[in-house]
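Residue-level listing of the chains:
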Amino acid sequence: MRTYKITSLLVITSLALFSRSYGQKTASLKDSYKNDFLIGTALNATQIEEKDPTAKVLIPKQFNAATPENIMKAEVIHPGWDKYNFDLADKLVAYGKKYNIRINGHTLIWHSQLPAFMHGMQDADSVKQYFTNHIKTVAARYNGKVFSWDVVNEALNEDGTLRKSIFADKLGPDFVTEAFRLAQAASPDAQLYYNDYNNEQPAKRAGCIALIKKIQAAGVRIDGVGIQGHWRASNIPLKDIEESIVEYSKLGIKVMFTELDLGVLPNPWDGDAADVNMKATYTAKMNPYANGLPDSMQVKLTKGYEDLFKLFLKYKGTVSRVTFWGVNDGQSWLNGWPIKGRTNYPLLFDRNYQPKPAFDAVIALKK
Ligand code: G3I
């Protein structure tokens, strides 16, 4: 019995000594790609407030760009008609300054995560007032403090038409251009972007190009387009992505991959989407890797990231930033969407912040 205990202790100790951990010797994504494009991450409140000791060391070493995952969304930053809550956003700006991390504000105008007082608002004048006050107040406060803004997020349907939303309904189809006009006036020093998911897909891309051309034709500034990049490791649309980089760059704007993650779990609808309102029911079959990712999937994930970063490097003059939607697998929204309580593995660091083979593959491309 005693021998057994000692042996197990030895095994556990040696595993701990030899397993990979995050440390001084881990290579740096931002340093490896410093001549190519910015490397960003989404940050949550715990990370912004530096409450997690590993994240505190890892984030500034790995990333030179950051997007708040939730804390600059309207429901958080503008909770009442005349009430703003800038606490965490101010902390994020200070964090960026301390570590020389460029902040991308996310997001000024989005139909989702709106404050409760906007729910069911019928009066067009009130919507217009909200729209104007929100952009003016938030964009002006952070002028010169954030590097860029996702001015409008997810305004398009999959077929490229304008999504039905409170803004489209009450303000009409020019609301996107108007949002950029207001943002430009309130925050003249910030880069201004349109951001969406699946806008690398041909129909949605065509709608996105038309939208950008409309903004430009109105004499309003738009500096870039964000392709979110919520894809599945087994089904990355590389051809559509490459065509999109080329087509968008013809508009004279930068292209960013703004919310990159590669899901490995089955999708109940067998498609790529990121609409937070789509939900499905949990079954064990839909959560196949609760106890660990099999090697075959790890290989797929690694290859997926390798292929993508090869492509990004091919267009490094046009691609100006690649941002992961989270620091480690445990933080990812994909553990809770579209089915709650699953175990997904979409990022470059695992739940213990250990770099995964996909991290090594991305670093190896620059060696
Ligand atoms: O903060 C509340 C907490 O007080 C409450 O108790 C809890 C109960 O559900 O909810 C918490 O809010 C959650 C919030 O994340 C913060 O954790 C919301 O329910 C949850 O819906 C929200 O999800 C976020 C989602 O956007 C909706 O805003 C995800 O974290 C975030 O990753 C995701 O990000 C979006 C991008 O902004 C736009 N593109 C798609 C992307 C993925 O959906």
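You'll find the structure just up there.
What you see is a predicted model; the values in this text were computed from it and never measured. By convention here, each chain's residues receive numbers from 1 onward along its written sequence. This being a predicted model, a pLDDT of at least 70 is required before a residue's local features are given, and a value of 80 or more before pairs of side-chain atoms are given or counted; all residues contribute to the totals for chains, interfaces and linings. The side-chain quantities take in all heavy atoms of the structure and omit both hydrogens and water.

Engineer: Would you mind showing me how to read the overall build of the protein here?
Structural biologist: For the purposes of this entry, the term helix denotes a DSSP run of H or I that reaches at least four residues, the term strand denotes a run of E that reaches at least two, and both are numbered from the N terminus. If you tally the helices and strands in the protein, you get 13 helices and nine strands. The C-alpha atoms of the protein give 21 Å as radius of gyration, which agrees with the globular expectation for 367 residues (21 Å, within 12%). For the protein, the spread of C-alpha atoms along the principal axes amounts to about 80 × 45 × 40 Å. A total of 367 residues make up the protein; the buried ones form 54% of that total. If you take every contact in the protein between residues at least 6 apart in sequence, the share linking residues at least 24 apart comes to 80%. Each accessible area value is a Shrake-Rupley result obtained with a 1.4 Å probe; residue values ignore everything except the protein chains displayed when judging cover. Accessible surface, the protein as shown: approximately 16100 Å² in total, 53% of it carbon and sulfur. To get the radius of gyration, use the C-alpha atoms; to get the globule rule, take the number of residues to the power 0.38 and multiply by 2.2 Å. Think of it in three bands: with a 1.4 Å probe and only protein chains considered, a residue is buried below 20% of the maximum accessible area for its type, exposed above 50%, and partly exposed in between. Contacts are assigned to residue pairs that have any heavy atoms within 4.5 Å of one another.

Engineer: What is the right way to look at the site of the ligand in this model?
Structural biologist: Put simply, a residue is near a molecule or strand once any heavy atom of it comes within 4 Å of that molecule or strand. Around the ligand, the structure places 15 residues, and the nearest of them are E69, K73, H106, E154 and E259. Note that an oxygen atom of the ligand is positioned 3.0 Å from one of the side-chain N or O atoms of N70. In this structure, E154 approaches the ligand through a side-chain N or O atom, which is 2.7 Å from a nitrogen atom. Taking 790 Å² as the accessible area of the ligand by itself, protein coverage stands at 54%. In the analysis that follows, any N or O atom pair within 3.5 Å is treated as a polar contact, provided that within protein one partner can donate a hydrogen and the other can accept it, and provided that, for residues neighboring in sequence, both atoms belong to side chains.

Engineer: It is not clear to me how helix α10 (residues 202–217) should be interpreted in this structure. Could you clarify?
Structural biologist: Taking 1.5 Å of rise per residue, the 16 residues of α10 would be expected to cover 22 Å, and the 22 Å separating its terminal C-alpha atoms lies within 8% of that figure. Within α10 the residues assigned to the buried category are K204, R205, G207, C208, I209, L211, I212 and I215. Contacts made by the buried residues of α10 are with α9 (175–186), β5 (191–196), β6 (224–227) and α11 (238–249). Phi turns positive one or two residues past the end of α10, at G219, with a value near 75 degrees. An expected span of 1.5 Å times one less than the residue number is assigned to each helix.

Engineer: Just to check I follow, could you spell out the layout of surface pockets for this structure?
Structural biologist: Here the idea is plain: a probe the size of a water molecule rolls over the atoms and shows the empty space left. For the second largest pocket, the calculated volume is near 230 Å³. Here the term cavity refers to a set of points on a 1 Å grid, laid over the protein atoms alone, in which a 1.4 Å probe fits but cannot get out; the term pocket refers to an open set having protein on both sides within 12 Å along at least five of seven lines, with lining residues being those that place an atom within 4 Å of a point. Along the walls of the second largest pocket sit V93, G96, K97, N100, I101, R102, I103, G144, K145, V146, F147 and D189, which together make up its complete lining. Of all the secondary-structure elements, those providing two or more residues to the lining of the second largest pocket are α6 (87–99) and β3 (102–110). A total of three residues in the lining of the second largest pocket trace back to one element, the largest contributor, which is α6. Taken together, the residues of the lining of the second largest pocket break down into five nonpolar, three polar and four charged. Grid points are joined across faces, edges and corners, and a volume is the space filled by probe spheres set on the points. Residues were grouped as follows: Ala, Val, Leu, Ile, Met, Phe, Trp, Tyr, Cys and Pro as nonpolar; Asp, Glu, Lys and Arg as charged; and all remaining residues, including Gly, as polar.

Engineer: It is not clear to me how α11 should be interpreted in this structure. Could you clarify?
Structural biologist: Residue pairs three or four apart in sequence face the same way in an α-helix, which turns once every 3.6 residues. Over its twelve residues, α11 runs 17 Å from end to end, which matches the ideal 16 Å to within 8%, given 1.5 Å per residue. For α11, every residue scored as buried is listed here: D240, I241, S244, I245 and Y248. Taken end-on, α11 shows its buried residues confined to a sector of 140 degrees, consistent with a single buried face. In this fold, the buried residues of α11 make contact with α10, β6, β7 (230–232), β8 (254–263), α12 (295–314) and β9 (319–324). An arc is given here, and it is the one of the directions from the helix axis to the C-beta atoms.

Engineer: Which parts of the structure should I look at to understand empty space enclosed by the protein?
Structural biologist: One pass over the structure, following the stated rule, counts four cavities of 30 Å³ or more. Taken together, I109, W110, H111, V152, N153, E154, A155, R163, S165, F167 and F175 make up the full set of residues lining the second largest cavity. Grouping the constituent residues of the lining of the second largest cavity by class yields six nonpolar, three polar and two charged.

Engineer: Where do I start with the packing of aromatic side chains in this structure?
Structural biologist: Two aromatic rings are characterised by how far apart their centres lie and by the angle between their planes. Classification of ring pairs rests on two measures: the distance between centres of Phe, Tyr or Trp rings, Trp counted by its six-membered ring, which must be within 6.5 Å, and the angle between planes, read as stacked under 30 degrees, edge-to-face over 60 and tilted in between. One pass over the structure, following the stated rule, counts 19 aromatic pairs. Arranged with centres 5.5 Å apart and planes meeting at 10 degrees, the rings of Y84 and F86 form a pair that is stacked. Aromatic side chains F117 and Y130 sit 5.9 Å apart centroid to centroid with 65 degrees between the ring planes, which places their arrangement in the edge-to-face category. Of the two residues, F117 sits in the loop between β3 and α7 (124–141) while Y130 sits in helix α7, which places them 13 residues apart along the sequence. Note on Y130: relative accessible area 1%, which makes it buried. Three or more aromatic residues joined by ring pairs form one cluster here, namely Y33, F37, W231, F257, Y305, F309, F312 and F324. The lysine or arginine in question, K204, covers the ring of Y197, its NZ or CZ lying 4.0 Å from the ring centre. Two limits define a charge over a ring: the Lys NZ or Arg CZ must be within 6 Å of the ring centre, and within 35 degrees of the ring normal.

Engineer: Please explain the pattern of salt bridges as it appears in this structure.
Structural biologist: Pairing of side chains with opposite charge becomes possible as their charged atoms draw close. One side-chain nitrogen of Lys or Arg within 4 Å of one carboxyl oxygen of Asp or Glu is enough to make a salt bridge. A complete count under the given rule lists 21 salt bridges for this structure. A salt bridge links K91 to E49; its shortest N-O distance comes to 2.6 Å. Pair noted here: K91 is in helix α6 and E49 is in the loop between α3 (45–48) and α4 (53–62), with a separation of 42 residues, a long-range link. The partly exposed category is assigned to K91, whose relative accessible area is 33%. For K56, the salt bridge goes to E50, with nearest N and O atoms at 4.0 Å. Since its relative accessible area comes to 39%, K56 is described here as partly exposed. Among the residues examined, E50 registers a relative accessible area of 18% and is labelled buried. When salt bridges that share partners are traced, they join E49, K51, D87 and K91 into one network.

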